[in-house]
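Chain and residue survey
Listed below, chain by chain, are the residues.
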Amino acid sequence: MSRLDLSVTVFVCQGLSEKEARTLCLKALIGMAVDSEIFSLVIERDESIVQADRRVIAGILLAQQTSLPYSLVGPHEHPLLWVSDAVAWSFNSGGDWLRRSNPIVDEVIYLT
């Protein structure tokens, strides 16, 4: 993975519920995508919260007065979703796993 020409931004939320953290991360991700003039966004779909994600994303886009094409896809529907999963797992596991994923981690952003 570290040999691929990729860069990853890690969003870290501590002390929040999973719902609060996901909302905060989506807001930061969409803001970063809009600022970077990204033309579309692919987000891993969690079937248990897909409707909530759609409402949150629509609210964020409305608040930012922008549009951004996005898709919520299953974990095996997009080939690069495994990278975000692997980096998140490595980041949470720490130690040597964190060192191994570090070459592609461009930035770590702490959200509160």
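A brief structural summary. Owing to the predicted nature of the structure, the values given are computational and were not obtained by experimental measurement. Numbering of residues starts from 1 in each chain and follows the order in which that chain's sequence is written. pLDDT decides what is reported in this predicted model: residues at 70 or higher carry local features, side-chain atom pairs at 80 or more are listed and counted, and totals for whole chains, interfaces and linings draw on all residues regardless. With hydrogens and water stripped out, all remaining heavy atoms of the structure feed into the side-chain values.

Things to note about the nonpolar core
Side chains of nonpolar character tend, in soluble globular proteins, to be buried together. If you look at the biggest cluster of nonpolar residues, it comprises eleven residues: Leu26, Ile30, Ala33, Leu41, Ile43, Val50, Ile57, Ile60, Leu61, Leu68 and Leu72. Secondary structure elements follow DSSP: runs of H or I no shorter than four residues count as helices, runs of E no shorter than two count as strands, and numbering proceeds from the N terminus. Contributions of two or more residues to this core are made by helix H1 (18–35), strand E2 (41–44) and helix H2 (50–63). When residues of this core are assigned to their parent elements, the largest contribution, four residues, is made by H2. For this analysis, residues touch if any pair of their heavy atoms sits within 4.5 Å. Setting aside residues up to four positions removed in sequence, isoleucine 43 forms contacts with Arg22, Leu26, Leu29, Ile57, Ser71, Leu72 and Val73. Put simply, buried Ala, Val, Leu, Ile, Met, Phe, Trp, Tyr and Cys residues joined by side-chain atoms within 4.5 Å make one nonpolar core. Buried means the residue's accessible area, taken with a 1.4 Å probe over protein chains only, is under 20% of the maximum for its type, while exposed means over 50%, and partly exposed covers the values in between. Membership of the second largest hydrophobic core comes to seven residues, among which are Val8, Val10, Val83 and Val87.

A look at the pattern of salt bridges
Basic side-chain nitrogens of Lys or Arg form a salt bridge, by our definition, when they fall within 4 Å of a carboxyl oxygen of Asp or Glu. In this structure the tally under the stated criterion is five salt bridges. Two residues, arginine 45 and glutamate 47, come together in a salt bridge whose shortest N-O distance is 2.4 Å. Taking the relative accessible area as the measure of exposure, arginine 45 reaches 23% and is therefore partly exposed. Ionic contacts of the salt-bridge type, sharing partners, join the residues Arg45, Glu47 and Glu77 into one network.

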